[in-house]
Amino acid sequence: MTMHALVLTIIRLGPSGAYMAAAISLLSVALLCSTPSSPLAWAIYTTMLPTTRTLILTLVTASDMVFWGATVALLVAAAAGGYLAVRPEQYLQLRFIHAHVALIASGLAVLQISQNSAGLVSISFSQLPPAGWSLVGGPSAAFALFVLILLACLNAHAAIIKSIRSARHCVA
């Protein structure tokens, strides 16, 4: 695999990262409920909570069937995204929808993080103090994932435009 193909595959995996983060957040709630004294359960929960607060608060009060159904759906979406990333020319429309749903969700998460900062309610996201670009934690990770998903959306747009152009050349 060339470096270019590897980079594009990583970009196309961005939406799967969003679905996986949401699934891990929901699983962290279940882990915390079953082992409330576990430092690992609390560490996972508090790490994931800033980016998925609305999802967790919406589903934690739902029935068990809805909660576990959403968790399984997110895991399936993450796995499907992995398949779509390694087979980019198949299912272009599905890849397009998959990436754009993740973009909307991650955009809402970034907005949520910018609005849920204690003591900084009146400050916009761009005025927040810079944070380290670690793989885990708050605004930096959420924004990095958002950018990665945005690139995946652009990649899906480019692939669809390319397929339309090649179809026109075959007809002409």
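A quick note: this is a predicted structure, and the numbers were derived from the prediction, not measured.

Scoring rules and cut-offs
- Sequence order as written defines the numbering, with residues in each chain counted from 1.
- Given that the model is predicted, a residue must reach a pLDDT of at least 70 before its local features are reported, and side-chain atom pairs must reach 80 or more before they are shown or counted; all residues, however, enter totals for whole chains, interfaces and linings.
- With hydrogens and water set aside, each side-chain value is computed from the structure's full complement of heavy atoms.
- In this description a helix means any DSSP run of H or I spanning at least four residues, a strand means any run of E spanning at least two, and both kinds are numbered starting from the N terminus.
- Throughout, exposure labels follow a simple rule: accessible area from a 1.4 Å probe, protein chains only, divided by the maximum for the residue type, with under 20% read as buried, over 50% as exposed, and the rest as partly exposed.
- Only buried Ala, Val, Leu, Ile, Met, Phe, Trp, Tyr and Cys residues count toward a nonpolar core, and they belong to the same one when joined by side-chain atoms within 4.5 Å.
- Any two residues having at least one pair of non-hydrogen atoms within 4.5 Å are treated as being in contact.
- Every residue gets a pLDDT, meaning the predictor's confidence in that residue, from 0 to 100.
- For helices, the fitted axis covers only the stretch in contact; all axes are lines through C-alpha atoms, and the angles between them, taken along N-to-C directions, range from 0 to 180 degrees.
- Angles are sorted into four bins: roughly parallel if under 35 degrees, roughly antiparallel if over 145, roughly perpendicular if 65 to 115, and oblique for all others.
- Should the near helix be turned anticlockwise from the far one by less than a right angle, the crossing is termed left-handed; should it be turned clockwise, right-handed.
- Nonpolar residues are Ala, Val, Leu, Ile, Met, Phe, Trp, Tyr, Cys and Pro. Charged residues are Asp, Glu, Lys and Arg, and all others, Gly as well, are polar.
- Only residues whose relative accessible area exceeds 30% and that form no salt bridge are eligible for patches; like-charged ones are grouped when within 9 Å, while nonpolar side chains (Val, Leu, Ile, Met, Phe, Trp, Tyr) are grouped when within 5 Å.
- The method behind every accessible area is Shrake-Rupley, applied with a 1.4 Å probe, and residues are considered shielded solely by the protein chains displayed.
- Should a side-chain nitrogen of Lys or Arg be within 4 Å of a carboxyl oxygen of Asp or Glu, the pair is scored as a salt bridge.
- When the centres of two rings from Phe, Tyr and Trp lie within 6.5 Å, Trp using its six-membered ring, the rings pair. Their planes under 30 degrees apart give stacked, over 60 give edge-to-face, and anything left gives tilted.
- To estimate the expected span of a helix, subtract one from its residue number and multiply by 1.5 Å.

Asker: Give me the lowdown on the side chain of serine 16, citing residues and values where you can.
Answerer: Within the fold, serine 16 resides in helix H2 (residues 14–34). Since its relative accessible area comes to 8%, serine 16 is described here as buried.

Asker: If you had to explain the nonpolar core to someone new, which residues and values would you point to?
Answerer: Among the nonpolar cores identified, the biggest contains 24 residues, and Tyr19, Leu26, Tyr45, Ile56, Phe67, Leu74 and Ile149 are the most heavily contacted of them. Secondary-structure elements contributing two or more residues to this core are H2, helix H3 (39–59), helix H4 (64–86), helix H5 (92–115) and helix H6 (138–171). Among the elements that make up this core, the one with the highest residue count is H2 (8 residues). Excluding anything up to four places from it in sequence, tyrosine 19 contacts Leu74, Ala77, Ala78, His98, Val101 and Ala102.

Asker: Mind laying out the confidence of the model for the chain, listing which residues take part and the relevant values?
Answerer: For the chain, per-residue confidence averages 81 on the pLDDT scale, and residues scoring 70 or more make up 84% of the total. Looking over the chain, one finds the lowest element-wise mean pLDDT in H3, namely 82, and the highest in H4, namely 92. Long-range and interchain partners of residues 119–136, a stretch whose pLDDT sits below 50, account for 19 contacts in this model, where long-range means more than four residues apart.

Asker: Let's hear about the packing of H2 against H4: which residues, and what values?
Answerer: Between H2 and H4, the least distance of the axes is 8 Å, while the angle of their chain directions is 150 degrees. It follows from the interaxial angle that H2 and H4 lie roughly antiparallel. Every pair of crossing elements has a handedness; the one defined by H2 and H4 is left-handed. Residue-level contacts link Ser16, Tyr19, Met20, Ala22, Ala23, Leu26, Leu27, Val29 and Ala30 of H2 to Phe67, Trp68, Ala70, Thr71, Leu74, Leu75, Ala77, Ala78, Gly81 and Gly82 of H4. Across the contact of H2 with H4, the residue classes break down as 15 nonpolar, 4 polar and no charged.

Asker: Quick one: what's the story with a nonpolar patch on the surface, residue by residue and with numbers?
Answerer: A contiguous nonpolar surface patch, about 540 Å² in accessible area, is contributed by Met1, Met3, Leu6, Val7 and Ile10. Locating valine 7 in the fold gives a position in helix H1 (residues 3–12).

Asker: Outline the environment of glycine 81, supporting the account with residue identities and numerical values.
Answerer: Structurally, glycine 81 is set in helix H4. A residue is classified by how much of its surface remains accessible, and glycine 81, at 2% relative accessible area, is buried. Sequence separation of glycine 81 and arginine 95 is 14 residues, and the distance between their C-alpha atoms is 7.5 Å. Dropping the residues within four chain positions of it, glycine 81 is found in contact with Arg12, Leu13, Ser16 and His98.

Asker: Can you break down the packing of aromatic side chains residue by residue, with the values?
Answerer: The tally for this structure, following the rule as stated, stands at 4 aromatic pairs. Between tryptophan 42 and tyrosine 45 the ring centres are 6.0 Å apart and the planes differ by 90 degrees, which places this aromatic pair in the edge-to-face class. Here tryptophan 42 and its partner tyrosine 45 are both found in helix H3, 3 residues apart, which amounts to about one turn of the helix. Note on tryptophan 42: relative accessible area 40%, which makes it partly exposed. Aromatic pair tyrosine 83 and tyrosine 91: ring centres 6.4 Å apart, planes at 50 degrees, arrangement tilted.

Asker: An account of H4 is requested, with residue identities and associated values reported.
Answerer: Between its first and last C-alpha, H4 extends 33 Å over 23 residues, near the 33 Å set by a 1.5 Å rise per residue. Taken together, the buried positions of H4 are Phe67, Thr71, Leu74, Ala77, Ala78, Gly81, Leu84 and Ala85.

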